Structure formats: structure tokens, C-alpha cells
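# Residue-level structural notes
Okay, here's what each chain looks like letter by letter:
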Amino acid sequence: MDGQVLKSRKQKATPKLSGIVIDDAVAEFTGEWLTSNAAGSLSGSNYRHDGNSDRGKKTATFQLKLNQAGRYDVRLLYSSHANRASNVRVTIHSAEGVTTLKLNQRLPVLKNGEPRSLGQFSFKSGQTASVTLSNQGADGYVSIDGLQLLRLTPVAP
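Source: prediction; values computed, not measured.

The next subject is the pattern of salt bridges. For the structure shown, the criterion picks out six salt bridges. A salt bridge links D50 to R55; the shortest N-O distance between them is 2.8 Å. Residue E114 pairs with R75 through a salt bridge whose shortest N-O separation is 3.0 Å. Here R75 lies in strand 6 (residues 70-77) and E114 lies in strand 10 (residues 114-115), a separation of 39 residues in the sequence. Taking the relative accessible area as the measure of exposure, E114 reaches 37% and is therefore partly exposed. The network of salt bridges with common partners includes D73, R75 and E114.

In C-alpha cells, the structure reads:
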């Protein structure tokens, strides 16, 4: 299947994730995303991938209303593999505005035992935080397993 991981040889222990963790099951998807658990999952029992098809036509969006204002470390959960995209487009809507960046999903999702950070962003209380990933221009499979928002301390007033 075009290099897609179909069977995992060894499942690693899943770390306990702190903060706000949202599984891919509650994301809003455009286009057809396939469900898999071949590479293991940090959130829930599976993850989704774009099937390495329909470039620019597939997105996954997480939206949540935060009860506490402050700066949050935003971390996207995904399944890494050599056939994943090295340039996944991620757009974050925060109190600072809109930030678009690229994520290399060929790198392991965990760095020093923690999910890789997309950066630190400020959010207002009651504000809807939004994180969207897209397969636009991707050079491999795009995968999504969940989202982690870790509130940082101290938090500025």
C-alpha cells in the first residue's frame, strides 16, 4: 500500500498526557480520512491519515473553548514514519492572530518523552481555539492522532 505502515512490529508504552487532550475522533474533517492503529496511538485507540491522496482537499480541525486565559504550549499528536509528509501545513488561531507553520511528521512525535511543540500561544478565556492541519502540498502521508494544549505557568494576567 505505497509504503503505508500496515502492521506495527512493536508497540511502545503510551505516555500519560497532561493538560487538555483532544482525540482525533472529535475533530472536524473535510475529505476522506482513513482510520488506522498500525503505528499505535497516543490518544484514543487509533489515528487517521489522508491516504496520501487528494492534495489540498483534506483538512482536520480541532476547535475548543478555553475556560482559562493564558499561554498554552500547543502540541499536535500524529503517527510518525518515513513515509509521512515532512511539510504538513498547520494553522493556529489564537489571541495573537493566525499562525501557519510546517510540521515534519517523519520525526518521532515524542521528543524527550513529550509530544513535539508547535509553539506557545496566548488564548483568551471563552475564546475558541482552533488548530487545523491540511494536506495541501504535502510530500507524503498526513496523519492526525489528537491535540494537546498544555497551560504554562506562570500565566500572565
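In this structure, N52 is a non-glycine residue whose phi angle is positive, near 55 degrees. Residue position: N52 is located in the loop between strand 4 (47-49) and strand 5 (59-65). Its identity is not glycine, yet N112 carries a phi of approximately 55 degrees, on the positive side. Take N112: it is sitting in the loop between strand 9 (110-111) and strand 10.

Calculation rules
- Residues numbered from 1 in each chain as written.
- Predicted model: local features only at pLDDT ≥ 70, side-chain atom pairs only at ≥ 80, totals over all residues.
- Heavy atoms only, no water.
- Salt bridge = Lys/Arg side-chain N within 4 Å of Asp/Glu carboxyl O.
- Helix = DSSP H or I, 4+ residues; strand = E, 2+ residues; numbered from the N terminus.
- Buried < 20%, exposed > 50% of the residue type's maximum accessible area, 1.4 Å probe, protein only.

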